[in-house]
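Chain and residue survey
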Amino acid sequence: MTKAEEENRLLLGEEDFNHNHHHHHKLNKTTLEAIQTDSMANNPSLDNDKQFNTQNNDIKLNITTTTPTTTSPSDHANTTKKVVAVLFWILFSALTLILNKLLFSVLSFPYPITLTMVHTIVCSILSFLVICVFGWVPLVKQDRSIFFTQVVPLAIIFCVNIVIGNTALEYIHISFNQTIKSTVPVFTVFINVLFLNKKYQRLVYASLIPVVGGVAMASFAEVNFNIIGFLCSVVSSGTTALQLIFAGLLLEGGTMKKMDPINLLLYMAPTSFAILLPLSFASEWGGIHQHFAAHPEQIGKASLILLGSGVIAFLLNYSTFIVASLLSSLAMVVTGNIKAVTNIVISVLIFRNKMTVFNVFGCVVALGGAAWYQHVTSKKPPPAQTDDSNKNNNTKNASTTVLEGNQATSASESSPKNNHAGNDSKSDLLNEGK
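Each value, and the rule that gives it
Residues numbered from 1 in each chain as written. Predicted model: local features only at pLDDT ≥ 70, side-chain atom pairs only at ≥ 80, totals over all residues. Heavy atoms only, no water. Phe/Tyr/Trp six-rings, centres within 6.5 Å; stacked < 30°, edge-to-face > 60°. Helix = DSSP H or I, 4+ residues; strand = E, 2+ residues; numbered from the N terminus. Buried < 20%, exposed > 50% of the residue type's maximum accessible area, 1.4 Å probe, protein only. Lys NZ or Arg CZ within 6 Å of the ring centre and 35° of its normal. Contact = heavy atoms within 4.5 Å. Expected span 1.5 Å × (residues − 1). Arc of directions from axis to C-beta.

1. Side note on the packing of aromatic side chains
All told, the structure shown has 11 aromatic pairs when counted by the stated rule. Centroid distance phenylalanine 314 to tyrosine 318: 6.4 Å. Interplanar angle 20°. Geometry classified as stacked. Of the two residues, phenylalanine 314 and tyrosine 318 are both situated in helix H12 (residues 299-326); the distance of 4 residues between them amounts to about one turn of the helix. Residue class for phenylalanine 314 comes out buried when judged on its relative accessible area of 4%. On the basis of relative accessibility, which here comes to 22%, the residue tyrosine 318 falls in the partly exposed class. Residue placement shows lysine 339 over the ring face of tryptophan 89; its charged tip is 4.8 Å from the ring centre.

So, in structure tokens, the structure goes:
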């Protein structure tokens, strides 16, 4: 036998040995399983013990893998910060309304253009300090080319809106004014459908029914109803919607960058002041001079309230910026509606204006309809509509930066955190008298 044949035989023998060893191992394993099965058949308690041990092991596994949830001190600190910010936001909103109403009703200072002009001066100075001097809020730079074509028209609409709204506050109570301002969604949908051919889902149209019905009930039951104040408040709601849509179209075009309330003040307030100054000088300064000449004792008090309301209006915007960075879009919707109700309750308690049961019911229905509208419009569109939804979100985000200064009911999406969802949230831009 050659050496090659010897190696082949040895190799074949090793393979036979491995095959026989594997076959013997399988046989032993099969025999062992058969013996275990036969033993369990003769003694069922063994099977029960096996199941019990398996369940016990599962229980031990679940116990060891489950960890209790605990709240860290940082979570408590964040919650406290959110609560404090929301409380200041609501407080500044109520104070702005109350101080303006005091000027009109208590001090008999019926000069809404001058009031708005003073607010624009104060907000211009404070927004410049916050952004350009202290750097507490980053500056959003806009191209100079868009100033006359976009910022100035927006400032004109804003001035008309605020002045008319303050005029309404001169004739009607804050509670009635806030109820009427809940009709802003009605005008928004009307303008979008009639002039921009925009379509809404049925739930949006349905949400407008309680808004209109509630305002009608509140108007019918208003004890101190005044036709001038009512019409001014309605027109102010319409200009608020127009301002909302116009800002949205500007942002949708991609030329105007999205701004938070403080940056918006930095651009809008000086422009608004330049618009209001000649109007105030031509229409109100003569009456102001005569008023203080007849009542010199009111000069100090009126000046203090004017400046104080301007500072509060700015703090309202700054608190909006803080709250928007802390809360989600949905939380802003909820707190915004709470803010509107709080304004109504505080105004009733301070100014003692009478509200009948029918009047309160109409107010609740109108605000509920506005909240429903905000909830429906804040839902994210399906993924298939990504392109259209991006445009809609841009429109909503732009409008939100400007609206709440005129409606004082909702929230702001000015922070990047909240850009993912729209809530009809709005900035409290110069929220005087609204």
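2. Details of the environment of alanine 218
Here alanine 218 shows up in helix H8 (residues 202-221). If we ignore the near neighbours within four places in the chain, the residues touching alanine 218 are Phe176, Thr179, Asn359, Gly362 and Cys363.

3. Concerning helix H7 (residues 184-196)
In this model, H7 (13 residues) spans 17 Å end to end at C-alpha, consistent with the 18 Å of a helix rising 1.5 Å per residue. Among the residues making up H7, those that are buried are Val184, Pro185, Thr188, Val189, Ile191 and Asn192. Within H7, the buried residues cover an arc of 165° as seen down the axis, which keeps them to one side. Once H7 ends, the next one or two residues include asparagine 197, with phi positive near 55°.

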